[in-house]
Amino acid sequence: MSIDPAFLGRHEIRTADAMENIGLRIGEQLEPGDLIVLTGPLGAGKTTFTRGLAEGLGVRGPVQSPTFVIARTHPSLVEGPPLVHVDAYRLGSAAELDDLDIDFVRSVVVIEWGRPMASAIADAWWDIEIERPVGGAEALDDEDLDADAPRVITIERLGD
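Residues numbered from 1 in each chain as written. Predicted model: local features only at pLDDT ≥ 70, side-chain atom pairs only at ≥ 80, totals over all residues. Heavy atoms only, no water.

Draft legend 1. Representation of the overall build of the protein chain within the structure. Each helix and strand in the protein chain was counted, giving 4 helices and 7 strands. Along the chain direction, N to C, the helices and strands of the protein chain fall in the order β-α-β-α-β-β-α-β-α-β-β. Scaling as 2.2 N^0.38, a compact globule of 160 residues should have a C-alpha radius of gyration of about 15 Å, and the protein chain matches this with 15 Å. With the C-alpha coordinates aligned to their principal axes, the bounding extent of the protein chain is approximately 45 × 30 × 30 Å. Evaluated residue by residue, the protein chain yields a buried proportion of 44% over its 160 residues. Taking all contacts inside the protein chain whose residues are at least 6 apart in sequence as the whole, residues at least 24 apart take part in 65%. Accessible area for the protein chain stands at about 8200 Å²; split by element, carbon and sulfur atoms hold 48% of it. Across the protein chain, 13 positive and 29 negative side-chain charges occur, with their mean positions spaced 1 Å apart. (Helix = DSSP H or I, 4+ residues; strand = E, 2+ residues; numbered from the N terminus. Rg over C-alpha atoms; globule rule 2.2 N^0.38 Å. Buried < 20%, exposed > 50% of the residue type's maximum accessible area, 1.4 Å probe, protein only. Contact = heavy atoms within 4.5 Å. Areas by Shrake-Rupley, 256 points an atom, 1.4 Å probe, with all protein chains shown as cover. Lys, Arg positive; Asp, Glu negative; His and termini not counted. Charge placed at Lys NZ, Arg CZ, Asp CG, Glu CD.)

Below is the structure:
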């Protein structure tokens with residue numbers, strides 16, 4: 001597992017560009033076999049984070065939410081590992097995730113909404129939770145989910 005320990009803990013992310021940038025800096029450190037589990041509400045910035053991660057890995061884009069296709073593979077442009085971006089929201093179990101036949105060993109895998117399945121598919125992973133404002137003066141309405149508003153991102157290493 002290869003993320004610099006300086007990234008562990010809570011960080012305030014003030015803009016979408018900053019979210020993409022932290023993803024890029026983490027993506028530059030990832031290796032085949034790394035698993036990232038992303039958790040957060042709609043509009044929190046999971047796909048924005050993954051776009052930066054993809055740039056750091058040097059994979060082919062564009063990176064879009066895999067909500068309707070469940071998983072997208074982005075091959076490397078720099079002879080590195082591919083990025084497999086999964087949306088597990090509609091999956092009922094780790095067995096359904098296993099049915100996707102993902103090469104966890106040779107890829108970097110990002111699973112949105114995958115927290116309940118992580119321990120069934122890996123011994124260790126990076127758990128990244130993104131929180132966005134809900135309620136109060138900084139609340140986002142449904143038409144403005146991607147607006148720049150401060151997020152809090154918490155990065156932990158789990159398992160092992």
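Resuming the write-up.
Draft legend 2. Examining the sheet that holds strand β7 (residues 151-159) more closely. If you trace the 7 strands from one edge of the open sheet to the other, you get β1-β7-β6-β2-β5-β4-β3, paired in mixed fashion. Because the sheet does not close on itself, it has two edges, and the strands there are β1 (9-13) and β3 (71-74). Averaged over all neighbouring strand pairs, the angle between strand axes comes to 20°, with direction disregarded. As defined by bridge partners, strand β2 (residues 35-39) adjoins strand β5 (residues 108-112) across 4 bridges and the pair is classed as parallel. (Pairing = 2+ DSSP bridges. Axes fitted to C-alpha atoms, helices over the stretch in contact; angles between N-to-C directions.)

Draft legend 3. Structural view of the nonpolar core. Core analysis: the biggest nonpolar cluster contains 24 residues, and Ile22, Ile26, Phe49, Leu53 and Ile153 have the highest contact counts within it. For this core, the secondary-structure elements that each account for two or more residues are α1 (16-27), β2, α2 (46-57), β5, β6 (124-131) and β7. At 4 residues, the largest contribution of residues to this core is made by α2. Ignoring any residue separated from it by four or fewer positions in sequence, one finds phenylalanine 49 in contact with Met19, Ile22, Gly23, Ile26, Leu38, Ile128, Ile130 and Ile153. Residues Leu35, Ile70, Leu97 and Ile102 belong to the second largest nonpolar core, which totals 16 residues. (Core = buried A, V, L, I, M, F, W, Y, C linked by side-chain atoms within 4.5 Å.)

Draft legend 4. Up close: unusual backbone geometry. Put simply, glycine 61 and proline 62 share a cis peptide bond, and its omega is 0°. Turning to its location among the elements, proline 62 is positioned in the loop between α2 and β3. With phi around 75°, isoleucine 70 is a residue other than glycine that occupies positive phi space. In this structure, isoleucine 70 sits in the loop between α2 and β3. Using a relative accessible area of 17% as the deciding quantity, one classes isoleucine 70 as buried.

Draft legend 5. Structural context of the pattern of salt bridges. Within this structure, the stated rule accounts for 5 salt bridges. Close ionic contact of arginine 115 with aspartate 127 constitutes a salt bridge, the shortest N to O distance being 2.7 Å. Placement of the pair is arginine 115 in the loop between β5 and α4 (118-121) and aspartate 127 in strand β6, with a sequence separation of 12 residues. A salt bridge links arginine 115 to glutamate 129; the nearest nitrogen and oxygen atoms lie 3.2 Å apart. Taken together, the residues span a long stretch of sequence, with arginine 115 in the loop between β5 and α4 and glutamate 129 in strand β6 at a distance of 14 residues. Owing to a relative accessible area of 35%, arginine 115 belongs among the partly exposed residues under this scheme. Each member of the salt-bridge network shares a partner with another, and the members are Arg115, Asp127 and Glu129. (Salt bridge = Lys/Arg side-chain N within 4 Å of Asp/Glu carboxyl O.)

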